[in-house]
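Structural description and commentary
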Amino acid sequence: MSRSTKKGPYVDENILRRIMRQKDTKSSDVIKTWARSSQISPDFVGHKIGIHNGRKHIEVLITESMVGHRLG
């Protein structure tokens, strides 16, 4: 079952906050997250996100073709 259109896409608040902080400071650190259900927004493009697969974090560089998909 898909998410209601009136609610909008689910983007984890912590990831979005850390992406915005990274844009302000111009750093290129990997952002580690366990929120695999979060959708990729256009703000994520060009950032490296470490997605936890249950055992370790896998670094993924977010590109434009990934927007709208989930991290997991």
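Coordinates for the structure precede this section.
Values in this document were obtained by computation on a predicted structure and should not be read as measured data.

Notes on the nonpolar core
One finds Val11, Ile15, Ile19, Ile31, Ala35, Ile40, Phe44, Ile49, Ile51, Ile62 and Leu71 forming the largest nonpolar core, which totals 11 residues. Where this core is concerned, the elements lending two or more residues are helix H1 (13–25) and strand S2 (48–52). Residues contacting isoleucine 51, with those up to four places away along its chain left out, are Thr33, Arg36, Lys56, His57, Ile58, Val60 and Leu71.

Describing a positive patch on the surface
There is a patch of like positive charges on the surface, built from Arg3, Lys6, Lys7 and Arg70. The class for lysine 6 is exposed, based on a relative accessible area of 76%.

Focus on the sheet that holds strand S3 (residues 57–61)
Ordered in space as S1-S2-S3, the 3 strands form an open sheet in which the pairing is mixed. The sheet is open, and its two borders are formed by strand S1 (31–33) and S3, each paired with just one other strand. Neighbour-to-neighbour, the strand axes of this sheet turn through a mean angle of 30 degrees, independent of strand direction. Sheet topology places S1 next to S2; 3 bridges connect them, and they run parallel. Within the sheet, the bridge partner assigned to threonine 33 lies in S2 and is isoleucine 51.

Cut-offs used in this document
- Residues numbered from 1 in each chain as written.
- Predicted model: local features only at pLDDT ≥ 70, side-chain atom pairs only at ≥ 80, totals over all residues.
- Heavy atoms only, no water.
- Core = buried A, V, L, I, M, F, W, Y, C linked by side-chain atoms within 4.5 Å.
- Buried < 20%, exposed > 50% of the residue type's maximum accessible area, 1.4 Å probe, protein only.
- Helix = DSSP H or I, 4+ residues; strand = E, 2+ residues; numbered from the N terminus.
- Contact = heavy atoms within 4.5 Å.
- Patch = residues over 30% accessible without salt bridge, like charges linked within 9 Å, V, L, I, M, F, W, Y side chains within 5 Å.
- Areas by Shrake-Rupley, 256 points an atom, 1.4 Å probe, with all protein chains shown as cover.
- Salt bridge = Lys/Arg side-chain N within 4 Å of Asp/Glu carboxyl O.
- Lys, Arg positive; Asp, Glu negative; His and termini not counted.
- Charge placed at Lys NZ, Arg CZ, Asp CG, Glu CD.
- Pairing = 2+ DSSP bridges.
- Axes fitted to C-alpha atoms, helices over the stretch in contact; angles between N-to-C directions.

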